[in-house]
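The residues making up each chain are set out below.
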Amino acid sequence: MEKKNKKRTIVSRMIIAVVAGFVVGFLALLLREYLSGHGQDGVWKVIEAIFFQDITKTTGIEGLGLFYIVGQLFMRGLQMAIVPLVITSLSLALCSLASPERLGKIAGKTFIIYICFYVVAAALAGAAAYFVKSMGWFNVNLPNEMATEAVTMDGYNPLVTVVNAVPSNIFSAFSSNNSILSVVVVAIILGLCMTMMGEKADPLKKVIQNLNDVVQMFLNFLINKIGPVAIFCMICRTLAVYGVEYIGPTMVWIVTTIVVSLVLVVTIYPIGILLTTRLNPIPFLKKSFKIGLFAAATNSSAATLPLNTKTCTEELGCTPEISSFVLPTGMTINMNGTTAMHMIAVTFIATAAGIDVRPSTLALAAFLSICTAMGTPAIPVAGTTMVYVVMTGLGMSSELCMIGYSLVLAMNYLPGMAVITLNVIGDAATNVIVNFKEGVLNKEVYNKMK
């Protein structure tokens, strides 16, 4: 109960930070326009120097840039955790999936179904994002002084990505956030090798688990304690310096993510169950509704696991043995809602930064997102943090991209409610399909309606 109260406190702080950031930012924007209209630009320059100055673009101490410093420290803290988060989470997830006692038909079917849902979710979300982008709803009128920073992505042979995915030096891959795909490959190799070594790798597994705990502790502290203040500073600074150009497209991103996630929930899972089991998907939708509702309220797939297990075993006819493997595994590696969100977020960020997003770009983004989402820990905001991984893999590192990313990070709560619903109901759907394929699904319980 204490954890739930604490979580509500964190959420309320984030909401307050967002609202306060918009209010103060709009007031600063109005003040800037008022001073500019009355020939008092000098006063605004002093205010900007104290609070909003980008200190990296000055040759001396021309301003304090307090809001800029707080925002940058928060963003750099998140970026600092990316490499250890990917290497530890993904390698441990693969160890859990491929442990000797869990290998076999059940693990194989579970993994294949999750991958299929990943691909379908990424494809449909990418198509929706591309449609919204083509309609011009993500477009931002860039300020004149920032327009020169708009970049395009150079053409390249996608097969080069395959070659570069295997690093020639793992330490160089770990030393930069620009080689995240290489880190993913190293994590996969490490996880599989530890599995094959069995008990001999237990000491290393404990070290990696402890490192993972440290990284998650750091992220929890950063997001819970520093996050609200940093979000306030970033939103306020964005409005004060760059104006209202980003607000409309950000709202479009939020609505698009929510709508796409909810549409995927009521389409891909029922259709998947119908095609693979020939069962009526209506009972599944009705019985899994409370799972999605609970996940949205708690914003945690880990907190939803007990309810998901109870619903699957008592109402959907799944066996406790298979559910005890499929659902915890899904909590770890099934983040197709996160991938759907990544597709929309990357399209929004790139378009807002003046980058032309093409279908080939979205295909690479889907590949990167699936690889990273499978290792995303089941904690709030982790999936949104991983947007940066996909951005770096696509070469999106300009300041304009960082502005869009800060808005996505700050405004993630409402979209996150829909995203996590897609994740946890996907776990339940996969559990039903695997139980059916193994011939142990109780169809009478599944079809029984209260």
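For the structure, check the block above.
Along each chain, numbering runs from 1 in the same order as the chain's sequence is written. Confidence filtering applies because this is a predicted model: local features only for residues at pLDDT of at least 70, side-chain atom pairs given and counted only at 80 or more, and all residues used for totals across whole chains, interfaces and linings. The basis for every side-chain value is the complete set of non-hydrogen atoms in the structure, without hydrogens or water.

1. As for the overall build of the chain
Helical segments are the DSSP runs of H or I of at least four residues, strand segments are the runs of E of at least two, and each set is numbered from the N terminus. Of the regular secondary structure elements, the chain holds 20 helices and zero strands. By the convention used here, residues are in contact when the closest approach between their heavy atoms is within 4.5 Å. Considering only residue pairs separated by 6 or more positions, the chain has 81% of its internal contacts joining residues 24 or more positions apart. Approximately 20,100 Å² of the chain is accessible, and the part contributed by carbon and sulfur atoms is 68%. Shrake-Rupley sampling with a 1.4 Å probe provides the accessible areas, and residues are treated as covered by the protein chains on show and by no other component.

2. Observations regarding a nonpolar patch on the surface
Residues I15, V19, V23, V24, L27 and L30 make up a contiguous nonpolar surface patch of about 520 Å² in total accessible area. As for its position among the elements, V24 is in helix α1 (residues 2-37). Type-normalised accessible area, obtained with a 1.4 Å probe on protein chains alone, sets the label of each residue: buried when under 20%, exposed when over 50%, and partly exposed for intermediate values. Residue classification places V24 among the partly exposed residues on the basis of a relative accessible area of 33%. Each patch is built from residues that are more than 30% exposed by relative accessible area and take part in no salt bridge. Like charges join if they lie within 9 Å; nonpolar side chains (Val, Leu, Ile, Met, Phe, Trp, Tyr) join within 5 Å. Note on definitions: salt bridges are taken to be side-chain nitrogens of Lys or Arg within 4 Å of carboxyl oxygens of Asp or Glu.

3. Observations concerning the pattern of salt bridges
Working definition: two side chains of opposite charge can pair if their charged atoms are close together. Overall, the coordinates contain four salt bridges when judged by the stated rule. The residue K290 makes a salt bridge to E315 at a minimum N-O spacing of 3.0 Å. Taken together, the residues K290 in helix α11 (residues 282-298) and E315 in the loop between α12 (301-314) and α13 (320-333) connect sequence positions 25 residues apart. The exposure class of K290 is partly exposed, given its relative accessible area of 32%. The class for E315 is buried, based on a relative accessible area of 17%. Linking K310 and E314 is a salt bridge whose minimum nitrogen-to-oxygen distance equals 3.0 Å. Residue K310 and its partner E314 are located together in helix α12, separated by four residues, close to a single helical turn.

4. Here we look at the packing of helix α4 (residues 105-134) against helix α14 (residues 336-352)
With their axes 8 Å apart at the nearest point, α4 and α14 run at an angle of 25° to one another. Here α4 is positioned roughly parallel relative to α14, judged by the angle of their axes. As for how α4 packs across α14, the hand of that crossing is right-handed. Contacts between α4 and α14 involve F117, Y118, A121, A122, A125, G126, A129 and K133 from the first element and N336, T339, A340, M343, I344, T347 and T351 from the second. Comment: axis = line fitted to C-alpha atoms, over the contacting stretch for helices; angle = value between 0 and 180 degrees taken between N-to-C directions. The cut-offs work like this: below 35 degrees is roughly parallel, past 145 is roughly antiparallel, 65 to 115 is roughly perpendicular, and the gaps in between are oblique. It is the rotation of the near helix from the far one that decides the hand of a crossing: anticlockwise by less than a right angle makes it left-handed, clockwise makes it right-handed.

5. Looking at the packing of aromatic side chains
Each Phe, Tyr or Trp ring (for Trp, its six-membered ring) is paired with any other whose centre lies within 6.5 Å, and the angle between the two planes then decides the class: stacked below 30 degrees, edge-to-face above 60, tilted in between. Using the criterion set out here, one finds 11 aromatic pairs in the structure. An aromatic cluster of at least three residues, connected via ring pairs, comprises W44, F51, F52, F67 and F232.

6. Remarks on α14
Here α14 spans 24 Å end to end across 17 residues, near enough to the 24 Å set by a 1.5 Å rise per residue. Counting buried positions along α14 yields 17 of 17 residues, so the element is predominantly enclosed. G354 sits one or two residues past α14 and shows a positive phi near 85°. Here the expected span of a helix is defined as 1.5 Å times the quantity of residues minus one.

7. A look at the nonpolar core
It is characteristic of soluble globular proteins that their nonpolar side chains tend to be buried jointly. As used in this record, nonpolar core signifies buried Ala, Val, Leu, Ile, Met, Phe, Trp, Tyr and Cys residues forming a set joined through side-chain atoms within 4.5 Å. Of all hydrophobic cores here, the largest spans 108 residues; its most connected members are W253, F284, I349, M396 and Y405. Setting aside chain neighbours within four positions, we find M396 in contact with V346, I349, A350, I355, M391, C401 and M402. Within the second largest apolar cluster, nine residues are counted, among which are L35, W44, C236 and A240.

8. Concerning the environment of I112
With respect to the helices and strands, the residue I112 is situated in helix α4. C-alpha separation for the pair I112 and T430, spaced 318 residues apart in sequence, amounts to 9.8 Å.

9. Some remarks on the packing of α4 against helix α15 (residues 359-373)
The packing of two helices is summarised by the inter-axis angle and the distance between the axes. Put simply, α4 and α15 touch, their axes get as near as 10 Å, and they point 140° apart. One element, α4, and the other, α15, form an angle in the oblique class. Relative to α15, α4 is oriented so that their crossing is right-handed. For the pair formed by α4 and α15, the contact residues are Y118, V119, A122, G126 and Y130 on the first element and P359, L362, A366, I370 and A373 on the second.

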